[in-house]
Structure formats: structure tokens, C-alpha cells
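This is what each chain is made of:
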Amino acid sequence: MNAAVATSVFGAFMVLTVVLGLLAVRRKGTEKGRPAGLSEWSVGGRSLGTVFIWVLMAGESYTSFSYLGAAGWGYNSGAPVLYVPAYMSCGYALGYVVGPMLWSYARRHGLVGITDMIAHRYRAPWLGAAVALLATVCLLPYIQLQITGMGVVVSTISYGAISINWAYFLSFAVTTGFVVISGLRGSAWVSVLKDVLVIGTLGFLAVYVPLHYFDGYGPFLDRLVAEKPQWLTFPGHDSGGLGQVWFVTTTLVNSLTVVIFPTTVAGYLGARNAEALRRNALYLPFYNVLLFVPMLLGMAALFVVPGLTGADSNLALFKMVVDSLPAWAVGLVGVAAALSSIVPMAVFMLVIGTMWGRSVLGAIPRLNKGAAGAASGDGGGEAAGGRQKLWSQLVVVVAGALALLLTYTAPDTLVRLSLISYEGMAQLVPMLLLGLVWRRLTLHAAVSGLVAGFTLVCVLVFGGHDPVWGMNAGIVGLAVNVAVALAVTWLGPRAADGRPDAEVLALDDEFPRGGVPSRGAPVSPPASS
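Residues numbered from 1 in each chain as written. Predicted model: local features only at pLDDT ≥ 70, side-chain atom pairs only at ≥ 80, totals over all residues. Heavy atoms only, no water.

From N to C terminus, the chain includes 23 helices and 0 strands. Buried residues in the chain amount to 58% of all 529 residues. Contacts in the chain between residues far apart in sequence, at least 24 positions, make up 83% of those at least 6 positions apart. (Helix = DSSP H or I, 4+ residues; strand = E, 2+ residues; numbered from the N terminus. Buried < 20%, exposed > 50% of the residue type's maximum accessible area, 1.4 Å probe, protein only. Contact = heavy atoms within 4.5 Å.)

In C-alpha cells:
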């Protein structure tokens, strides 16, 4: 009976999720009166307001990690998990500046992602394709982790009635179908539902668990201080040496990385104007307060469900939920956790599809024969944009199927790759951000720095030297990256680039707060997709 009730609640909300995605697409299609192109599918037609951008980007922060990993880190180690709200808050502060800069640059030149921006900045389409490949390697593990996370949630809330393998497939099928049909706009609509459930369930659990198991926060915290004090200080309990230096360096490198992460940039580019992004950067840190709930409840689980080891520790929060709440409430918590997998997984898949559809497959002339549009813009004309959208949707299915296949057959493959996801993506920071504000950074310098930094990160991480000297390996790689890029810029060849600064750099005065080009700025309005 419990399994039937919980799975019924879950199934009803999954149907509602798909319906919301369809409504989002149908409404926009009705407004425009023609099929949506790549820009509409991948960045929501650059028309999302502050609320939709807020819930969409918050959706990337609240993944299945919020219910599983954060609680598991709190259960296993304690204090080191605080790096998550720390780097997110710092990243939002950086996003106040970086978001509008990338938005204006992409809007000015009709670009739909970081691979587009890099290819345009350095006049090297091959570099955009190479970055797409690198970013895919770093993003695929996140798709696999969300498939795994949602599978664990579905199997747990069904009281074991749904096997873990079927739960994995359900996660893949729902998300793939959803993102292929609805794109970024549908993800934004579903993020509203997800955020209502996340705020409601975590707010409830923040009050319920301490009262139900400890008679309040006072007795719980007194017991935690008395019996588990090592969980409350660095380097935490059995964390492998994640001390203060690691915390600071990880916060720094992750805050730099999150502002240029392809999924974050997809949120930037979906905004209606730069002011929506500035407001969003001010509001997002308030959402971080919710992250403390699963972290704290993970430590509460030390006393309620002791003895969890390995992957089971990630179920610390859900074991308390399943044991103490009625089935319908378990179903609601499961829906919130599942949507916390679906929304970010949809954006990850969409971004991979867009990068390949635009910068790899879309750049091969014979694959796009007859689709060269008459005008450049968001997708390079309607025919080209439609063809690139088709390639992108196909890649979404392939990427999701690959992640699902590896989840079944070789789960450790993507898990190992996830070790370099953030540290690897951090190596794109100089190429993208430094390149957009400093014209002297050359193609040779940017590529040399990227290769040096990424190679060092791989050597350190896979060699078991992360942290190194107490520091996050990503910050070491980033320092080498910048040093090599500067050295090659000053000592290496300087290819002539006759384009004006407005064509190469992200100028502050291109799109001021209202989103309107500055008077006299040489801006050509982007064509609609």
C-alpha cells in the first residue's frame, strides 16, 4: 500500500512535468507562429525574465546532490561540505559582472554558448569544436550522476517496488523526451514547480526531523557537539585532509568555474536583458540557505540511522524520511528530489546537444548542405538554425543514452571522469574571460595555457595528488594555465587581427542596464532564429 501511494504521487507529478514542458513550447510557438529554431530551443529565445532565470539557475544548484550528496557529505565528513554554499555564493557575486558581459557579447554576435564565443573570439571554428569535446567529457559525468541520483530516489520512495535498473531507465526516458521537446524554456517552467516543492519539503524537514527525533534543535546540537565534535571543524571526520587551505582554494576555483560553466552560461543567454541577470545575482544567494538543511540533517542521521557506509551514506536523509513519514509525504519528497535531477540533467543534455549541433556537426558543410541561411544571426538563418537544432536534439538522445549505458555497464568510468569535471572546466576561464577583456591574448597562448593546465589537473587528480600541498588541484592547474598563456602571449607569435575591439571584446558599454545598445556603439541587431 505504501509503495502504491508513493509511486502514484510520483507518477502524477511526472505527467505534470511533461505537460508543463509541452505547454511552454506550445505557447511560444503560438506567439511566434512558426517553428522554433536553435536559439529558441537552446536559450529560450533570449526572452526569459528575472523569475524564470532565477528558478532555472537555482535549479542547477539544487540537483539530486542536495538530497543525496550533501546529506552524505554531512553524514561522512561534516564541515568540508560547507564549500558548496561558499563557492556558490561567491560565484553569484562574480556572476553579477560576468553574466551581463557574456550575455551582451553573445547577443551582439548571435551566439548560443561558450563554444560559439570561443570560436568567434579567436576566429577558429576548430577551437569551438575542440572545446565542445572537452566540455562534453566534463559534463557527461553529471548526466550519469543525475541518472543515478534519480534512480536511487525512485527506487527508495517506491519502497523497493521499482528496481534500481528500471528507475535508471525511467530517469533517462523522462528527461530525454522532456528536453528534446521543450528545450530551455520548458526547463524554466518546470523549475517553478520544482522550486515550490524543494522549498516546501526542505522547509518542512528542517523543522520536522529535529522535533521528531531530538525534541528540537537544542538537544540535537548539544548531542552533536558532545558526541561528534570532529564533524564540526576542519578537516572534518575522515575527510582525507580537506582542511582550511583546501576549503579556500576550492571555493575560489569553483566560484570562477561556475560562472563560465556551460549550463550556467545557457541560463545567462536565456535572459531577456542584462538587468535580469544583475537582479538574479542579488537574489540567488538567498536560495543557498536551503543547502544547509540536507547538510545538517545528514549529521542528524548519524544518530538516527548509524552505521551507513559507502554509497548507502547518500541515503541518510531518505532513510529518515521513509521510516517516519506517511507514504504520500514520502512521494512528495521524492518528487522534489526527482525534479532536482530532471531540471539540471535536462540543461546538461541541452548544452551538450547545442555545442555539438552548432560547433561540431553544424560546422561541417556537407552535413548542412542547402541549409546556409541568407543572414547571420541566431543560428545563421532559419534553415541553418533548424538543421543545427535537429543535430542538437539528436546529440541529446545520444549523450543521454551513452550516460545510461555506462551507468549500467561501467559506472566507474564516468565517476572517475567526474573527478576532473570542475577542475577541468576551470581551465577554460583564461581562454574565455581573459580573452574577452584583453585583446593581446592570442590563440596560441590561450590553447597552450589550456593544454598545460588541463594536463596538469589530470596528472594530479588521477595520480592521487588532489589535494596537493593542501590545495585544490584545479587552482594549481589554473595558475600554470595563466602563467603559460601570459608567457606565450609575450614571447610567442602575434597573429594580426584587424577586427575592431567591438568585434573581439566584450565591451562594458555595448548593452547597458536596459539591454539597449549604447548610442553610437557599432552594434548590429541579432536576427531572430
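On we go from here.
Turning our eyes to something else, we now look at unusual backbone geometry. F234 connects to P235 through a cis peptide bond whose omega is 5 degrees. Tracing the backbone shows P235 in the loop between α10 (217–227) and α11 (244–258). For the bond from D466 to P467, the omega torsion is 5 degrees, close enough to zero to count as cis. Tracing the chain through its elements places P467 in the loop between α21 (443–462) and α22 (473–491). Of note, the phi angle at Y159 is positive, near 55 degrees, even though the residue is not glycine. Its place among the elements puts Y159 in the loop between α8 (125–157) and α9 (164–214). On the accessibility criterion, Y159 (31% relative accessible area) is partly exposed. With a phi angle near 50 degrees, D238 is a residue other than glycine that sits in the positive phi range.

If you walk through the whole model with that rule in mind, you get 17 aromatic pairs. When the ring of F261 is compared with that of Y422, the centres are 5.0 Å apart and the planes differ by 20 degrees; the resulting orientation is stacked. Here F261, found in the loop between α11 and α12 (262–269), pairs with Y422, found in helix α19 (residues 421–425); they are 161 residues apart in sequence, far enough to count as distant. We note that F261, like Y422, is buried. (Phe/Tyr/Trp six-rings, centres within 6.5 Å; stacked < 30°, edge-to-face > 60°.)

So, on to the pattern of salt bridges. In total, this model carries 7 salt bridges according to the counting rule given. With its nearest N and O atoms 3.2 Å apart, the salt bridge here joins E227 to R223. Note that E227 and R223 are positioned in helix α10 at a spacing of 4 residues, about one turn of the helix. Looking at E227, the relative accessible area reads 45%, which means it is partly exposed. The class for R223 is partly exposed, based on a relative accessible area of 35%. Two residues, R439 and D501, come together in a salt bridge whose shortest N-O distance is 2.7 Å. Highlighted residues: R439 in the loop between α20 (429–437) and α21 and D501 in helix α23 (residues 501–504), separated in sequence by 62 residues. Within the structure, one salt-bridge network assembled from shared partners comprises R123, D497 and R499. (Salt bridge = Lys/Arg side-chain N within 4 Å of Asp/Glu carboxyl O.)

With that settled, consider helix α15 (residues 316–324). Extensive coverage of α15 is indicated by the burial of 7 of its 9 residues. Among the residues of α15, A316, L317, F318, M320, V321, V322 and S324 are the ones counted as buried. Contacts made by the buried residues of α15 are with α4 (64–67), α5 (69–76), α8, α9, α14 (292–304) and α16 (327–360).

The next point concerns the state of the cysteines. For the coordinates displayed, the defined rule picks out 0 disulfides. Looking at the unpaired C458, the closest cysteine sulfur is the one in C138, lying at 8.2 Å. (Disulfide = S-S within 2.5 Å.)

In terms of nonpolar packing, the biggest core is built from 163 residues, with Y67, L102, M117, I143, L428, M431 and L433 touching the most fellow members. It is α16 that provides the largest number of residues to this core, a total of 20 residues. Residue contacts for L433: discarding those within four places in its chain leaves V98, M101, L102, V259 and I260. (Core = buried A, V, L, I, M, F, W, Y, C linked by side-chain atoms within 4.5 Å.)

Let's shift gears to the confidence of the model for the chain. In the predicted model, the chain carries a mean pLDDT of 84, and the fraction of residues at 70 or more is 87%. Across residues 510–529 the pLDDT falls below 50, and counting only partners more than four positions away or on other chains, this stretch makes 42 contacts in the model. (pLDDT = per-residue confidence, 0-100.)

By secondary structure assignment, the location of F292 is in helix α14. Setting aside its immediate chain neighbours within four residues, F292 contacts L82 and P85.

Before going further, it helps to examine α12. With respect to burial, α12 is a largely interior element, 8 of its 8 residues being buried. Among the residues of α12, P262, T263, T264, V265, A266, G267, Y268 and L269 are the ones counted as buried.

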